[in-house]
Every structure is written in C-alpha cells, then in structure tokens.
Amino acid sequence: MGKTLYEKIWNKHVVHEEGDQPSILYIDLHLIHEVTSPQAFEGLRMNNRKVKRPELTVATMDHSIPTTDRTLPFRDEVAKKQVDALAQNCKDFGIPLFDLHSPNQGIVHVIAPELGITQPGMTIVCGDSHTSTHGAFGALAFGIGTSEVEHVLATQTLKQFKAKTLAININGALPRGTTSKDLILSLIGKYGHDFATGYVVEYRGEAIRNLSMEERMTVCNMSIEMGARAGLIQPDEKTFAYLKGKQAVPQGKEWEEALTEWKQFYTDKDANFDLSVEFDASHVTPQVTWGTNPGQVAGITEAVPLLENLPSDQVKPAKKALQYMGLEPGMPITEIEINKVFIGSCTNSRIEDLRKAAKIVNDYKVADHVEALVVPGSQLVKKQAEAEGIHQIFINAGFQWREAGCSMCLGMNEDLVLPEERCASTSNRNFEGRQGRNARTHLVSPEMAAAAAIAGRFVDVREWPARESKEVIVK
Amino acid sequence: MKSFTRFTGIVAPLDAANVDTDAIIPKQFLKRIERTGFGEFLFYEWRYEDGKEKTDFVLNKEPYRHAPILLARKNFGCGSSREHAPWAIAEYGIRVIIAPSFADIFYNNCFKNGVLPVILPEKDLEFLFEKTSKMPGYQLAIDLEKQRIEDTWGYMAEFEVAPYRKNQLLKGLDEIGSTLQAAEKINSFESTHKIFYKLEVSF
C-alpha cells in the first residue's frame with residue numbers, strides 16, 4: 001500500500017523506534033524566539049549540556065519587541081531583559097540570530113520561508129503553535145513547548161508519537177474577491193475549532209494547487225486553529241520556483257540534487273488517510289469571525305447567528321462569546337463598526353497580503369474613528385513594500401507603517417487593542433483577551449481589514465470600488 | 001518535579017469549552033525568563049478585575065481555592081504552545097485536569113510538568129459537573145497506576161494514558177537524558193542524512 005506525504009517525511013526522519021514508546025524523530029530545522037526559549041537554555045546550563053547542532057538552529061526576535069522606531073531604547077524593561085537573554089544565549093551557544101537591527105529580522109514564520117531554510121520534506125519545529133505555516137512547502141512543521149525546545153537543542157531530535165492523517169480535499173475555484181484566509185476560516189467554521197485534534201492534515205485538490213505559496217502559508221498557518229498537529233501541502237513546481245535563488249537554497253549541481261530529493265515528497269495514489277473530508281471552495285465568501293474562537297465565523301452577507309439556529313453544544317459557548325464581544329444575535333455583519341485595524345501577523349503580513357490590502361486602500365482615507373496599523377512580517381517584506389511604493393499608499397490613507405514583528409496579533413508589546421475596542425485583524429486568534437484585555441477581535445483577510453479601515457465597519461470587498469492612482473501603480 | 005501517586009482532592013468545576021492557553025496564562029506574563037512565578041497569574045483575566053478578585057470565578061470561591069483537580073469542557077488548552085500554561089497550573093497546585101478532550105500541544109506539555117490530563121467521555125463529564133454543583137467540596141480519588149478515578153459514592157471510571165506518559169508522571173523521567181543514551185544512533189543517522197539549506201550568518 002502507498003504512503004501519505006506525512007508518512008514519507010516521518011519515515012525519512014525516524015532515528016529509532018521501539019514498541020509502544022515514542023519514536024526519536026530527527027529535526028532538520030529548529031526556529032527559536034525570545035519568549036519560549038530562555039527556560040530551555042537555563043535547563044541546558046543546569047545540566048551542563050550543549051546545543052548539538054547550532055547551525056540547524058535559527059533565532060529571531062519577534063514576539064515582545066516594539067514595532068516603533070528601532071533606534072529608540074526599549075521602554076519595556078522586562079521585554080528588554082528577555083530579548084537580551086536571547087542574544088546572550090545565541091552568543092554563548094553559537095546560534096545564528098537575526099536581531100532587531102538585522103535586515104533579515106521578522107516574524108519567525110515569515111523569515112524562514114523567505115530565507116529559503118524552509119524546504120520540502122524537512123522536519124521543522126519551533127516553540128510556537130503557528131509553526132504549521134511551513135507545511136505549505138511540504139515540510140512537517142509543528143509547535144512545541146519549552147521542554148521540547150530544550151530537548152531539540154540538546155539532541156536535535158524529538159520524542160514523538162505518530163499522528164493520525166486527515167485529507168481535506170478542496171475542489172472548485174475560490175470565487176473572485178475571496179482569499180485563502182476566507183477559505184481556511186470557512187473550513188474551520190464548517191468543521192469546528194477542534195475538528196482536527198490528533199491529526200496531521202494534508203490540504204489537497206484543485207483549489208489548493210491554484211494558490212500561490214504565500215496563500216498556501218496562510219492556510220497551513222491556521223491548521224492549529226482547528227486543532228491539527230500540522231498542515232501539509234504537497235510540494236510542486238510553484239514550491240520549487242519560490243525557493244530557487246533564495247539565500248539559503250543551494251545552486252547548481254546541489255540544486256538539482258535537492259530538487260530530486262524534494263520531488264519524492266507526495267502522497268501515493270493508493271495511500272490511505274485515517275479520515276478524508278471534501279470541501280467546495282466555489283461557495284466561499286469573505287469571512288468575519290463574530291465570536292471568541294476562529295470557528296465562530298460568518299460570511300459578510302450573513303448575520304451573527306441566532307442561538308436557536310446553532311447545534312445544541314454550541315449554544316452556551318456562543319452566548320458567552322457574544323457577551324464578551326458585545327454583539328447581539330441576528331445582527332448583520334455589515335453593521336458591526338470597528339475602531340482598530342491590524343494588518344499583520346504570521347498569517348497575513350507577507351508582500352502579497354500588503355499588495356492586496358493596498359489595492360483596496362489606494363486613494364482612500366482611514367475613517368476618522370479608526371486607528372489602523374500595517375506591520376510587515378519581516379524587514380525584507382517592509383523593504384520590498386517600500387520599493388514598490390505600497391507603504392506610501394497606506395501612509396497617505398492614514399495607516400501607521402511599522403517595523404516587523406508579531407505586534408497586535410498577541411499584544412505582548414505596546415501594540416494593544418484597548419478594553420471594548422473592536423478590531424478588524426488579519427491575525428489568527430480571536431480568543432478573549434488575545435489582543436488586549438477585553439479586546440474584541442474579528443478575524444478577516446487583508447482586503448477585508450483594509451476595506452473596514454476605510455468604511456469604519458465591515459463591508460463586502462467583492463463590491464469595493466477600487467480606485468486607480470496615477471502616482472503609484474500597485475502590482 | 002513531584003512524582004505522581006494516588007491522591008484524593010476537591011474537584012473545581014470550570015464550566016467552559018475551548019479554554020485556551022491565552023486564558024490560562026495571558027501574554028503579559030510571558031516575558032519572564034524563569035520557569036517559576038506563573039502560578040499567581042493563572043487565569044488572570046478571569047480571576048481578577050482591577051487587581052481585585054472576581055467573586056464569580058470558581059477558583060476564587062471556597063472550597064475550590066486549593067482544589068487540585070479541575071473539571072472542564074472539550075478542547076482544553078487550545079491555542080498557543082506556551083508551556084507557561086502547565087507551569088502556571090502546576091505552580092497553582094492543580095495536578096489533574098479532567099475534560100472530554102485536550103489540544104495536542106498542551107496535552108503533551110502537561111506530562112513534562114507533573115500535570116495529569118484525564119480524558120473521559122462527555123457523559124462522565126456531565127455526571128461530574130452535576131455532582132460538583134450538587135455537592136460543593138465533592139472529591140475524587142485519582143490512581144494513575146491503575147488508571148482509575150473514583151469517588152466514595154460508587155462512581156468509578158478508567159482512563160487511557162500512553163504507558164510512556166504514565167511513566168513520565170510516575171517516575172519523573174529525564175527525557176533528554178534518556179534520548180542522549182541513543183546518541184550513537186543519532187550520530188549515525190546524521191552521517192547519512194542530507195540537509196539542503198545553508199545559512200551564512202556572521203557573528
């Protein structure tokens with residue numbers, strides 16, 4: 001019988017297997033950041049252990065750093081201490097670090113693909129649940145806790161139980177005006193916030209093949225929001241084209257060798273998944289979450305659900321969510337007014353995201369009562385956007401144009417949604433308090449966030465009258 | 001890490017589904033570089049308002065303040081991978097969480113920190129929530145060795161746990177130490193395993 005993509009990557013990385021014990025799985029790339037690593041290094045020091053393969057470890061600063069002027073001193077003493085600890089740990093253990101002043105600094109899940117260190121068939125881990133992003137390249141990538149960060153640092157392996165496999169077959173074409181963010185939100189809305197717990201998902205089908213690499217990253221990024229251990233997409237010509245010429249990708253003969261290797265990673269025709277579901281992309285509409293988990297979501301032409309229309313087990317959580325969100329059942333989504341907009345995060349802060357949002361914003365102004373931020377995912381994305389003049393479109397409209405980082409996605413720095421403020425956010429989680437205490441988060445695509453910034457409420461981007469500007473041409 | 005033996009304790013009912021790790025330990029407390037000091041901030045936004053205890057939150061009520069067993073609904077521990085969540089739970093004094101399902105990363109993190117997540121069917125949870133509401137101070141005895149939960153009124157349930165994970169709690173294994181015993185196997189694997197990226201970074 002054939003093997004799935006997951007099984008092929010797994011088999012390629014098993015160092016040791018033994019009965020009912022977890023397997024020892026080799027890790028090809030370990031990404032670290034300031035928040036989930038200090039205690040791991042502390043553990044190494046306490047036990048006199050070294051980092052086994054510092055050159056397979058890459059560090060950046062992203063979670064708790066300011067996104068304002070980098071030449072100014074840190075205002076948050078505690079965050080500064082954490083960032084300094086990362087720098088010291090990287091120095092002591094010989095780990096490459098992209099610090100705040102590096103041209104390659106950025107959100108860990110944005111910089112690894114753009115450097116070319118995320119490649120098909122690899123195992124990639126990071127002390128961050130959105131590590132699933134890298135699955136877009138056909139790499140087995142998942143989030144781990146700090147004890148496991150320490151384990152990988154010390155051994156370059158992890159002890160792992162094999163996950164079950166889930167195929168999500170997505171056919172049909174995404175309609176005009178909808179995005180891969182709408183696709184993944186629709187999926188989570190249909191199947192639920194914990195549907196894929198215990199599974200590694202493989203996204204398959206025409207709609208997935210048609211997505212760009214950056215769009216695929218958005219889909220895989222949110223795999224964790226349905227509980228999946230990881231999300232995978234089979235590598236194809238788009239994957240290889242994306243990687244060619246990237247900084248860390250080999251050239252010449254070694255490129256050919258890599259390509260031959262990468263082409264082995266696909267699910268065999270006769271492979272079996274533990275579970276398969278079908279999803280039709282042609283019915284996807286622009287999505288807006290109304291609740292406090294990503295599965296509590298509705299289309300832009302719909303309304304906040306009536307409690308009596310929900311399945312019985314969802315009534316109580318929905319009631320609690322609506323109370324927190326300050327929304328009434330039956331309220332049309334287009335009547336929800338917002339006062340903050342955040343375009344950023346490892347879900348939607350790449351150059352294509354910014355281009356798409358800029359197309360909507362072009363020649364408009366942010367509504368008077370709205371504060372809007374664009375936080376590029378990396379310094380390279382920022383530089384690219386500035387080269388294209390995209391930043392000027394945002395700035396002219398009244399958006400703040402920031403330095404790269406996780407920012408308002410989780411509000412560990414000063415970028416917060418204030419109590420009872422309502423934010424249209426391109427990030428991945430709308431949990432209670434995620435963007436700030438009593439903050440109300442609505443997850444949307446970059447286009448929907450951009451349109452909401454201008455209209456001051458949610459609007460259907462499919463009907464948005466985009467304006468052409470003579471000064472700046474948006475690609 | 002305290003090793004895990006049979007014990008009896010009060011059960012605190014937290015009647016919420018999808019309790020995420022942001023709720024368990026909010027982001028403003030993740031800037032510490034130590035493994036300790038998180039217990040006092042457990043469920044911070046639910047426990048406190050303007051620095052004062054919220055009287056309606058279960059852990060702020062007697063007899064639940066020091067309850068070592070927490071009851072919750074499905075998908076407990078979803079969201080962020082932060083191990084600060086089980087650190088906060090363990091430091092607060094909760095040793096067992098009973099729910100119909102747990103998120104993967106959280107579940108895995110628990111066993112590394114002396115916390116036992118117990119998965120029981122929905123109907124058992126219904127029964128236990130009802131018990132706790134009718135009998136404040138309701139207690140359960142947990143026997144990890146026998147993989148059994150019981151009360152003194154005749155309720156008994158068995159639960160599944162992987163033998164490896166059970167051992168983690170019973171013996172407090174040094175996981176890294178045990179993997180390092182396979183160092184030769186890892187080295188030999190590395191000698192033939194090809195990695196195709198190379199990062200040139202100056203220090």
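- As annotated in an unreviewed UniProt entry, chain B is 3-isopropylmalate dehydratase small subunit from Cytobacillus oceanisediminis.
- Taken verbatim from the UniProt record of chain B, the Subunit (unreviewed entry) comment is "Heterodimer of LeuC and LeuD."
- Quoted straight from UniProt, the Sequence similarities (unreviewed entry) entry for chain B says "Belongs to the LeuD family. LeuD type 1 subfamily."

- Per an unreviewed UniProt entry, the recorded name for chain A is 3-isopropylmalate dehydratase large subunit, and the organism is Cytobacillus oceanisediminis.
- In its Function (unreviewed entry) section, UniProt records this for chain A: "Catalyzes the isomerization between 2-isopropylmalate and 3-isopropylmalate, via the formation of 2-isopropylmaleate."
- Taken verbatim from the UniProt record of chain A, the Sequence similarities (unreviewed entry) comment is "Belongs to the aconitase/IPM isomerase family. LeuC type 1 subfamily."

## Here's the deal with the packing of aromatic side chains
All names here are of chain B.
And then number 1: Under the definition given, this model contains 25 aromatic pairs over all chains.
And then number 2: Consider the rings of Phe-43 and Trp-46, whose centres lie 5.7 Å apart with planes at 5 degrees: the pair is stacked.
And then number 3: Owing to a relative accessible area of 0%, Phe-43 belongs among the buried residues under this scheme.
And then number 4: You can call Trp-46 buried: its relative accessible area is 17%.
And then number 5: One aromatic cluster in this structure is built from Phe-76, Phe-102, Phe-106, Tyr-107 and Phe-111.

## Overview of the interface of chain A and chain B
And then number 1: With 88 residues of chain A in contact, the opposing surface of chain B contributes 63 residues.
And then number 2: Three residues stand out in chain A for area buried against chain B, namely Gln39(A), Arg49(A) and Arg437(A), and they jointly supply 10% of the buried area on that side.
And then number 3: There are 12 salt bridges connecting chain A and chain B.
And then number 4: One salt bridge in this structure joins Glu49(B) and Arg437(A), with 3.8 Å as the shortest N-O distance.
And then number 5: Here chain A and chain B share 33 residue pairs in polar contact (both at pLDDT 80 or more) between them.
And then number 6: For the side of chain A that touches chain B, the element with the highest residue contribution is helix α5 (residues 146-155) of chain A, accounting for seven residues.
And then number 7: Grouping the constituent residues of the side of chain A that touches chain B by class yields 33 nonpolar, 29 polar and 26 charged.

## Some words on the UniProt feature "binding site: [4Fe-4S] cluster" (unreviewed entry) in chain A
All names here are of chain A.
And then number 1: UniProt's feature table lists "binding site: [4Fe-4S] cluster" (unreviewed entry) at Cys-346, Cys-406 and Cys-409, given in the numbering used throughout. Despite a sequence span of 64 residues, these residues sit close together in the fold, their greatest C-alpha distance being 8.7 Å.
And then number 2: Note that Cys-346 resides in the loop between β15 (340-343) and α12 (351-361).
And then number 3: Its place among the elements puts Cys-406 in the loop between β17 (400-401) and β18 (422-425).
And then number 4: Residue Cys-406 is classed as buried on the basis of its relative accessible area of 8%.
And then number 5: If sequence neighbours within four positions are ignored, Cys-406 has contacts with Asp-62, His-63, Ile-107 and Phe-342.

What counts and how
Counting restarts for each chain, with residues numbered from 1 along the sequence as it is written. Working convention: letters from A go to chains and numbers from 1 go to ligands, in the order in which they are written. Whole-chain, interface and lining totals are the exception, using all residues; otherwise, since this is a predicted model, local features are given only for residues with pLDDT of at least 70 and side-chain atom pairs are given and counted only at 80 or more. The side-chain quantities take in all heavy atoms of the structure and omit both hydrogens and water. UniProt positions are given in the numbering used here, feature names are shortened, and annotations may be inferred rather than shown by experiment. Note on aromatic contacts: the rings of Phe and Tyr and the six-membered ring of Trp form a pair at centre separations within 6.5 Å, being stacked when their planes are under 30 degrees apart, edge-to-face when over 60 apart, and tilted otherwise. Burial status follows relative accessibility: with a 1.4 Å probe on protein chains alone, a residue under 20% of its type maximum counts as buried, one over 50% as exposed, and anything between as partly exposed. We call two residues in contact when some of their heavy atoms are within 4.5 Å. A quick way to say it: buried area is the sum, across both parts, of accessible area lost when two parts are put together, with a 1.4 Å probe. The working definition used for a salt bridge is a side-chain nitrogen of Lys or Arg within 4 Å of a carboxyl oxygen of Asp or Glu. Each polar contact in these results corresponds to two N or O atoms within 3.5 Å; when the atoms are within protein, one needs to be able to donate a hydrogen and the other to accept it, and residues that are neighboring in sequence are counted only if both atoms are side-chain atoms. Only DSSP runs of H or I with at least four residues qualify as helices, and only runs of E with at least two residues qualify as strands; both kinds are numbered from the N terminus onward. For this scheme, ten residues count as nonpolar: Ala, Val, Leu, Ile, Met, Phe, Trp, Tyr, Cys and Pro. Four count as charged, namely Asp, Glu, Lys and Arg, and the remainder, Gly too, count as polar.

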